[in-house]
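# Summary of the model geometry
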Amino acid sequence: QRRKFSVAINEKETIDVCGKKYQRDEWTNVTPKILSHVGRNLHLQEKHPLGLLKNRIVNHFYSQYIGRTGNPIFSVFDRLSPVVTVEQNFDSLLIPKNHISRLKSDCYYIDSGHLLRAHTTAHQVELIKSGIDSYLTVGDVYRRDEIDSSHYPVFHQLDAARLYSKHEIYKQEDISGINLFENGDETAEKQEVHTLDTALFLQAELKACLEKLARNLFGEDAEIRWVESVFPFTHPSFELEVLYNGNWLELLGCGVMKQEILANCGITDKVGWAFGIGLERLAMRLYQIPDIRLFWSQDTGFLNQFRKATPTSPVTYKTISVFPQCTNDMSFWLPESTAFSPNDFYDLVRQVGGDVIEQVTLIDEFNHPKTKLTSHCYRIVYRHMQKTLTKTEVNRVHEDIGSEATRLLGVKLRV
Ligand code: FA5
Ligand code: MG
């Protein structure tokens, strides 16, 4: 059965996403393959490992953070549309106009004004503007990236923010002499408008909150460490890492919210912190899931292992069976006149080959001294999750990739 590659990347005028039509323009780079993930909502499936993990984190926050009225402090938003504006994903978070994270080679744009969110932080400003002081958001996020067992172009994040007013920080009676703000200098520890006390309070609350979460998930004696980091929307910023099989694994990014963002939301009397966690990495660590593609599997051999689980039950995933890999290289000359990014090729490989593609790596680059042409050689590793692929099946997909790359990217195959 020959694979049909019917909806080519640039062949239709409009695209439908979540029931809305968008006019294609020069920014459009979202593929049908990527769009087929929109609406799967793995994080909303109660017995899916991502749904179990999400509920485990939500339950932790519900039980640990309770307000004066007895209600949870954090509200949960897990059904926000993954289609966001450039303003939401970038501008509202003070991400500079020329920041690399905005590039077409890194994001899935629907048109020049819309993209599939690259992080759940895209919802921060709308939620805070609507009057919410503490929230958790959970959702699918989309990034163009390399392909291997721990990178997939769609993954899930859980973001949180918490705001504090002066009387929530200083619980004593008379707080009239205390200021959250000053007209100072930015240092490694604080923003210019925060007093050092404000900044240190927020940093301590944030770290305590996340250490408690990490210990809930990984046990009291999990080895964790803080690493300084940089985000355009927080200062100071940190990453939390956990020791996993002898390697430090990055779990999340976080920091003290930039006061300018709160000011843009009309908030002048509160300060806050925020964080964003990648759910797949956590789930892989928690359930011993060896390959990120498994989260998308509809195979009962995978799903049934979680069917009886509750958010706190320990599940250790057992690999159903391992089928052999099949490796095939492809070399081509890059087009002379148009731009070419390896991510374009990675997308195309995924588009044509689907989930039988396990890895794609650029293994060789060569510049011809006379013609000035550049050639790339990619190694494509094929592996089916449920069966052994025959050489003929692999060759057929490999040839399809070659002819689609020729047709759509303008490359010239070398034989
Ligand atoms: C962010 O996305 C920030 N929005 C996080 C944040 C929120 C910082 C609020 C400060 C305040 P980053 O790109 O590092 O940051 O991604 C956050 C987490 O998502 C990572 O720590 C990692 O766990 C996960 N993640 C990132 N890229 C991938 C990927 N390609 N595959 C799987 N997980 C990933
Ligand atoms: Mg990071």
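Residues numbered from 1 in each chain as written. Chains lettered and ligands numbered in written order. Predicted model: local features only at pLDDT ≥ 70, side-chain atom pairs only at ≥ 80, totals over all residues.

## Focus on the site of ligand 1
As a matter of local geometry, ligand 1 sits amid 22 residues, with His119, Thr121, Gly253, Gly276 and Gly278 nearest to it. Secondary-structure elements contributing two or more residues to the shell around ligand 1 are β8 (154-165), β11 (247-257), β12 (270-278) and α8 (279-287). If you tally residues by element for the shell around ligand 1, the top one is β11, at six residues. Residue composition of the shell around ligand 1, grouped by class: seven nonpolar, nine polar and six charged. (Near = placed C-beta within 6 Å. Helix = DSSP H or I, 4+ residues; strand = E, 2+ residues; numbered from the N terminus. Nonpolar A, V, L, I, M, F, W, Y, C, P; charged D, E, K, R; others polar.)

## Details of the UniProt feature "domain: Aminoacyl-transfer RNA synthetases class-II family profile" (unreviewed entry) in the protein
The sites that carry the UniProt feature "domain: Aminoacyl-transfer RNA synthetases class-II family profile" (unreviewed entry) are, in the present numbering, residues 139-311. From the first C-alpha to the last, residues 139-311 spans 18 Å; its make-up is 27% helix and 32% strand. (UniProt positions renumbered as here; feature names shortened; annotations may be inferred.)

## Notes on the packing of helix α10 (residues 342-353) against helix α11 (residues 391-409)
Remark: α10 packs on α11, axes separated minimally by 9 Å, with the N-to-C direction vectors making an angle of 135°. The angle between α10 and α11 places the two elements in the oblique class. Between α10 and α11 lies a crossing of right-handed hand. When α10 is examined against α11, the residues Asp344, Phe345, Leu348, Val349, Val352 and Gly353 are found in contact with a partner set consisting of Val397, Asp400, Ile401, Glu404, Ala405, Leu408 and Leu409. (Axes fitted to C-alpha atoms, helices over the stretch in contact; angles between N-to-C directions. Parallel < 35°, antiparallel > 145°, perpendicular 65-115°, else oblique. Left-handed = near helix turned anticlockwise from the far one by under 90°. Contact = placed C-beta atoms within 7 Å.)

## Some remarks on the sheet that holds β8
Pairing in this open sheet of seven strands is mixed, and the strands run β3-β7-β8-β12-β11-β10-β9 from one edge to the other. The open sheet is flanked by β3 (75-77) and β9 (224-231), the only strands paired with a single partner. Each strand of the sheet is rotated relative to its neighbour by a mean of 25°, with strand direction disregarded. Sheet topology note: the β8/β12 ladder contains nine bridges and is antiparallel. By the bridge assignment for β12, Ser165 is matched with Lys270. Against the sheet, α8 contacts β8, β10 (234-244), β11 and β12, and its axis sits at roughly 55° relative to β12. (Pairing = 2+ DSSP bridges.)

## Some words on the pairing of strand β1 (residues 14-17)
Where β1 and strand β2 (residues 20-23) come together, four bridges link them in antiparallel fashion. Directly across from Val17, in β2, lies its bridge partner Lys20. Where β1 folds back onto β2 in an antiparallel hairpin, the turn is made up of two residues, including Cys18, whose phi is positive at roughly 50°.

## As for the nonpolar core
Nonpolar side chains in soluble globular proteins generally cluster together in the buried interior. Core analysis: the largest hydrophobic core is formed by 47 residues, its most contacted members being Ala161, Leu210, Cys254, Trp273 and Phe275. Elements that contribute at least two residues to this core include exactly α2 (49-64), β7 (134-142), β8, α6 (196-218), β10, β11, β12 and α8. Among the elements that take part in this core, α6 stands out by supplying six residues, more than any other. Not counting residues within four places of it along the chain, the set of residues in contact with Ala161 comprises Gln124, Ile128, Ser134, Tyr135, Met257, Gly272, Trp273 and Ala274. In terms of nonpolar packing, the next biggest core, distinct from the first, is built from 19 residues, Ile147, Leu348, Val349 and Ile357 among them. (Core = buried A, V, L, I, M, F, W, Y, C linked by C-beta atoms within 7 Å. Buried ≥ 20, exposed ≤ 12 C-beta atoms within 10 Å, placed from the backbone.)

## Focus: the sheet that holds strand β5 (residues 109-111)
A sheet is described by the order of its strands in space; here three strands give the open sequence β4-β6-β5, paired in antiparallel fashion. Every other strand in the sheet has two partners, leaving β4 (83-85) and β5 as the edge strands with one partner each. Recorded for the sheet is a direction-independent mean angle of 35° between the axes of neighbouring strands. The pairing of β4 with strand β6 (residues 114-116) spans three bridges and is antiparallel. By the bridge assignment for β6, Val84 is matched with Leu115.

## Brief notes about α6
Helix length check: α6, at 23 residues, gives a terminal C-alpha distance of 32 Å against a target of 33 Å (1.5 Å per residue), a fit within 8%. Burial in α6 covers these residues: Thr198, Ala199, Leu202, Leu206, Leu210, Leu213 and Ala214. Residues of α6 that are buried make contact with α2, β9, β10, β11 and β12. Gly219, located one to two residues past α6, shows a positive phi value of around 100°. (Expected span 1.5 Å × (residues − 1).)

## Remarks on the domain arrangement of the protein
Considered domain by domain, the protein is made up of domain 1 (32-294) and domain 2 (321-413). The centre of domain 1, based on its C-alpha atoms, is set 35 Å off from the matching centre of domain 2. Each partner contributes to the interface: domain 1 provides seven residues, whereas domain 2 provides eleven residues. Taken together, the residues of the side of domain 1 that touches domain 2 break down into one nonpolar, one polar and five charged. (Domains from an automatic or database assignment.)

## Quick notes on the pairing of β10
Note: β9 against β10, seven bridges, orientation antiparallel. Residue pairing across strands places Ile224 opposite Val242, the latter belonging to β10. Joining the antiparallel neighbours β9 and β10 is a turn of two residues. Linking β10 back to β11 in an antiparallel pair, the connection comprises two residues, with Asn245 at a positive phi of about 50°.

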